[in-house]
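# Notes for the structure review
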Amino acid sequence: MRIARYTTGEDPTYGLVDGAGEKIARISGDPLYQPISLTGETSMVEEVRLLAPVIPRSKVIGIGRNYAEHAREMGGETPAEPLMFLIPNTAVVGPGDPVVMPPQSTNVHYEGELAVVIGRMCKDVAPEDVARVVFGYTCANDVTARDLQRSDGQWARAKGFDTFCPLGPWIETELDTSSVRLRTRRDEEVVQDGTTGDMIHDVAHLVSYASQAFTLLPGDVILTGTPEGVGPVEAGQRVEVQIEGIGTLSNPFVRHDD
Ligand code: MG
């Protein structure tokens with residue numbers, strides 16, 4: 001199933017998107033907490049405003065350097081264990097929402113990533129049990145102020161600015177993540193073209209590892225790292241993250257100080 005969160009001008013609601021990504025069938029309640037129940041109302045996707053498919057109630061967990069070629073382009077070693085960081089949930093925005101580049105940074109980068117959405121409260125989950133706690137998958141852009149990431153040492157500010165965590169366009173609940181193609185476009189240019197098969201630590205390992213440290217709650221999101229090809233974005237450009245089997249997340253980048 002593809003589960004979208006959207007609005008037609010009123011309160012946000014949820015719906016099931018068809019395979020073509022054209023129609024949306026409204027469901028009642030929040031599918032993270034209630035069984036899926038269709039209301040009978042349908043809309044065209046192009047006529048609604050898609051929102052971030054989940055607003056993490058407690059946390060977004062990022063994973064750094066989870067693809068060897070990306071670790072190399074960053075000039076660092078590949079960590080033996082997953083390198084975790086936290087992004088505040090106030091950084092999350094949805095499909096089409098502008099990423100606002102802050103005046104503190106002159107070097108803002110895109111990072112296209114597969115995002116895992118947690119469906120159940122859990123702790124100390126074994127890798128073989130991870131499928132039971134995963135709700136689904138969506139596309140993410142782990143936007144990073146590269147200059148501040150280097151100068152701060154800690155990554156909280158560099159990756160945590162408001163609007164720096166676009167998610168969407170919807171959550172795909174059925175996806176074999178062992179080898180899906182991930183492409184990022186900056187305007188028309190393909191700048192990242194990777195496969196999740198090249199992750200150093202796979203989804204099961206990442207979720208298990210994170211759960212050894214943190215209690216995971218429904219709606220928590222884990223970003224699984226970015227393949228090689230990261231680079232800067234200028235105001236006025238648009239970045240698209242496309243993941244095979246999910247869809248395309250597209251966001252314009254803006255500066256308010258221009
Ligand atoms: Mg990243």
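Model, not experiment: these values are computed from the prediction. Every chain's residues receive numbers from 1 upward, in the order its sequence appears when written. Confidence filtering applies because this is a predicted model: local features only for residues at pLDDT of at least 70, side-chain atom pairs given and counted only at 80 or more, and all residues used for totals across whole chains, interfaces and linings. With hydrogens and water set aside, each side-chain value is computed from the structure's full complement of heavy atoms.

## Regarding the environment of Glu189
Per the convention used, a helix needs a DSSP run of H or I reaching at least four residues, while a strand needs a run of E reaching at least two, with both numbered from the N terminus. Here Glu189 shows up in strand S16 (residues 189–195). Glu189 sits in the partly exposed class, given a relative accessible area of 42%. Placed 43 residues apart in sequence, Glu189 and Arg146 show a C-alpha to C-alpha distance of 20 Å. Exposed residues in this analysis have more than 50% of their type's maximum accessible area, buried residues have under 20%, and partly exposed residues fall in between, with area computed by a 1.4 Å probe over protein chains only.

## Thoughts on the sheet that holds strand S9 (residues 99–101)
Strand order in the open sheet formed by 5 strands is S9-S20-S19-S15-S16, with mixed pairing between adjacent strands. Where the open sheet ends on each side, the last strands, each with one partner, are S9 and S16. Here the strands of the sheet are splayed against their neighbours by 20° on average, with no regard to which way each runs. The pairing criterion is simple: DSSP has to find at least two bridges between the two strands. The pairing of strand S15 (residues 181–186) with strand S19 (residues 238–243) spans 5 bridges and is antiparallel. The residue bridging Arg183 from the neighbouring strand is Gln242, located in S19. Each axis is a line fitted through C-alpha atoms, and for a helix only the stretch in contact is used; angles between axes span 0 to 180 degrees, taken between their N-to-C directions.

## Side note on the state of the cysteines
Pairs of cysteine sulfur atoms within 2.5 Å are identified as disulfides in what follows. The tally for this structure, following the rule as stated, stands at 0 disulfides. Cys165 provides the cysteine sulfur closest to Cys122, a residue in no disulfide bond, and the two sulfurs are 19 Å apart. With no disulfide of its own, Cys165 lies 12 Å from the sulfur of Cys139, the closest cysteine sulfur. Taking relative accessible area as the criterion, Cys165 reaches 0% and is therefore assigned buried.

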